[in-house]
Amino acid sequence: MPRPIQATIHSAALRHNLNRVRLAAPDAQVWAVTKANAYGHGIERVFDGLRAADGFALLDLSEAQRVRALGWRGPILLLEGAFEARDLELCSRLNLWHTVHCDEQIDMLALHKTHEPHRIFLKMNSGMNRLGFAPQRFRSAWTRLNALPQVDEISLMTHFSDADGPTGIAEQMARFAEATCDLPGERSLSNSAATLRHAQDAAVKADWIRPGIAVYGSSPDFPAHSATDWELRPAMSLNAQVIAVQSLQAGDSVGYGSVFVADRAMRMGVVACGYADGYPRVCPTGTPVLVNGQRGRTVGRVSMDMLTVDLSPFPDAGVGSTVTLWGQSAQGAVLDIDEVAQAAGTVGYELMCALAQRVPVVLAD
Ligand SMILES: *Cc1c(COP(=O)(O)O)cnc(C)c1O
């Protein structure tokens, strides 16, 4: 028997979440962001749940090839564009739309031989300071691109640095609006946080939104809002079983470093999940879990293949009991990945992306 640990990808949750973001921006087209192997869920596994999207946005050419191999004929957008001239050949061959964020990418396009002109998303750096043309250089980049025979329609794009927090998006929106006011083309501005938190702002919803994390059912602005607050459902669950039970006396410790010491008699469950499965080692004693669907807590240090949970409140639990590390339990209870991420000092994104290769994954509706 394989180790009793399993991740489940829920197609119905993906469909629900996609609908949920559409409700926030009913007139926008939706790029389902599936970079990083669909945030760790697996491109092939999310495809069915997300096929109602208007397009797939990702970064790796190999991932674009995988989406085409699934039979998707609609739009695919490379969010970072071409990394070298050769990439443009694949863009031509697979009809990939691509971002242009720097002069070097325009140089590559100018030298590219293609029968079909390319659909471009021209990126402005409106304040994030990672990728894109500064507002004062945006128009000249557009003009140069627009003159190339290799270029078809040009859409205008930017990315927010603070859509999830108190700083908000107003300043970046204003810079973008000012520098693009008389340029034609579709606009794409919003990630999940902008789409959900700034849904009242008309400009946010135009013409393409780019939700990632919300589609996977994690809140873009936890703890200000939980996934439940946003009416999102977890698309990934991680469940494992108790493989041993230890009875501790007061003064007994658990695991490496003996960091947890029992102050009274306790029952401890040893669970077949560790940091080599993608569960963060830094999660301290008290990180929430579900034991047979009921809320419990970890104790002691997470090791490579195991972690320990307090079974004292669950007299019926023992070897074979299911422990939900995040997502849905068989009983239907939900533990937000964002709560576990918070205990680890990180965000849900990182946990889902880090699900380890060795964890068997099943697809459910
Ligand atoms: C990853 C990414 C997104 C999606 O962001 P979420 O916070 O997951 O919604 C949108 N746009 C760009 C350019 C990205 O790189």
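Use the structure listed above.
Residues numbered from 1 in each chain as written. Predicted model: local features only at pLDDT ≥ 70, side-chain atom pairs only at ≥ 80, totals over all residues. Heavy atoms only, no water.

A. Local environment of the packing of aromatic side chains. Taken as a whole, this structure holds 12 aromatic pairs when the rule is applied. Where tryptophan 97 meets phenylalanine 121, the ring centres are 6.1 Å apart and the plane angle is 25°; that geometry is what we call stacked. Here tryptophan 97, found in strand β5 (residues 97-100), pairs with phenylalanine 121, found in strand β6 (residues 118-124); they are 24 residues apart in sequence, far enough to count as distant. On the basis of relative accessible area, tryptophan 97 is assigned to the buried category, the value being 13%. (Phe/Tyr/Trp six-rings, centres within 6.5 Å; stacked < 30°, edge-to-face > 60°. Helix = DSSP H or I, 4+ residues; strand = E, 2+ residues; numbered from the N terminus. Buried < 20%, exposed > 50% of the residue type's maximum accessible area, 1.4 Å probe, protein only.)

B. Focus on the nonpolar core. In this structure, Leu145 and Leu325 are the most contacted members of the largest nonpolar core, which totals 110 residues. Sort the elements by how many residues they give to this core and helix α1 (residues 11-24) lands first, with five residues. Composition of this core by domain shows at least three residues from each of domain 1 (11-216) and domain 2 (236-364). Apart from the residues within four sequence positions on either side, leucine 325 is in contact with Leu238, Asn239, Ala240, Cys273, Tyr279, Pro288, Val289, Leu307, Leu335 and Val340. The next biggest cluster of nonpolar side chains, apart from the first, holds seven residues, and it includes Leu248, Phe260, Ala262 and Val299. (Core = buried A, V, L, I, M, F, W, Y, C linked by side-chain atoms within 4.5 Å. Domains from an automatic or database assignment. Contact = heavy atoms within 4.5 Å.)

C. Quick look at helix α6 (residues 103-111). Within α6, the full set of buried residues consists of Gln105, Ile106, Met108 and Leu109. Taken end-on, α6 shows its buried residues confined to a sector of 160°, consistent with a single buried face. (Arc of directions from axis to C-beta.)

D. Highlighting the site of the ligand. Taken together, 13 residues form the shell around the ligand, and within it Lys35, Tyr39, Ser192, Ile213 and Tyr349 come nearest. Within the side chain of tyrosine 39, a nitrogen or oxygen atom sits 2.5 Å from an oxygen atom of the ligand. Here glycine 212 contributes a backbone N or O atom positioned 2.9 Å from an oxygen atom of the ligand. Isolated, the ligand exposes 390 Å² of accessible area, and the fraction of that covered by the protein chains is 92%. Its residues assigned to classes, the shell around the ligand shows six nonpolar, four polar and three charged. (Near = heavy atom within 4 Å. Polar contact = N/O pair within 3.5 Å; in protein donor to acceptor, adjacent residues only side chain to side chain. Areas by Shrake-Rupley, 256 points an atom, 1.4 Å probe, with all protein chains shown as cover. Nonpolar A, V, L, I, M, F, W, Y, C, P; charged D, E, K, R; others polar.)

E. Main features of the environment of serine 226. By secondary structure assignment, the location of serine 226 is in the loop between β9 (208-209) and β10 (236-248). It is 17 Å that separates the C-alpha atoms of serine 226 and alanine 344, two residues lying 118 residues apart in sequence. In contact with serine 226, other than residues within four places in its own chain, are Ser219 and Asp336.

F. Spotlight on the side chain of histidine 112. Counting through the fold element by element, histidine 112 comes out in the loop between α6 and β6. Take histidine 112: its relative accessible area is 8%, and that puts it in the buried class. Within the structure, the side chain of histidine 112 is placed 2.7 Å from the side chain of serine 92, a separation counted as a polar contact. The residues touching histidine 112, leaving out its near neighbours within four places in the chain, are Leu88, Glu89, Ser92, His118 and Gln150.

G. Highlighting helix α5 (residues 85-94). For α5, the set of buried residues is Asp87, Leu88, Leu90, Cys91 and Leu94. Down the axis, α5 shows its buried residues gathered within 160° of arc, on one side only. Across from the buried face of α5, at angles greater than 90 degrees, the exposed residues are Arg86 and Arg93. Structurally, α5 contributes buried residues whose contacts are with α4 (61-69), β4 (76-78), β5, α6 and β6. Directly after α5, the chain includes asparagine 95, whose backbone phi takes a positive value near 55°.

H. Structural detail: the pairing of β6. The buried count for β6 comes to seven of seven residues, which makes it a mostly enclosed element. Neither face of β6 is exposed, since His118, Ile120, Leu122 and Met124 on one face and Arg119, Phe121 and Lys123 on the opposite face are all buried. Sheet analysis places β5 next to β6, joined by three bridges and oriented parallel. Residue pairing for β6: threonine 99 is matched across the bridge by phenylalanine 121. (Pairing = 2+ DSSP bridges.)

I. Focus on the pattern of salt bridges. Applying the stated rule across the entire model yields 19 salt bridges. The salt bridge involving arginine 22 is made with aspartate 54; its shortest N-O contact spans 3.1 Å. Taken as a pair, arginine 22 in helix α1 and aspartate 54 in the loop between α3 (43-50) and β3 (55-58) lie far apart in primary sequence, 32 residues in all. Residue classification places aspartate 54 among the partly exposed positions, given a relative accessible area of 22%. For glutamate 44, the salt bridge is made with arginine 66, and the minimal N-O distance between the two is 2.8 Å. Remark: arginine 66 occurs in helix α4 and glutamate 44 occurs in helix α3; sequence separation between them is 22 residues. Looking at arginine 66, the relative accessible area reads 28%, which means it is partly exposed. Salt bridges sharing common partners tie together Arg3, Asp277, Asp305 and Arg358. (Salt bridge = Lys/Arg side-chain N within 4 Å of Asp/Glu carboxyl O.)

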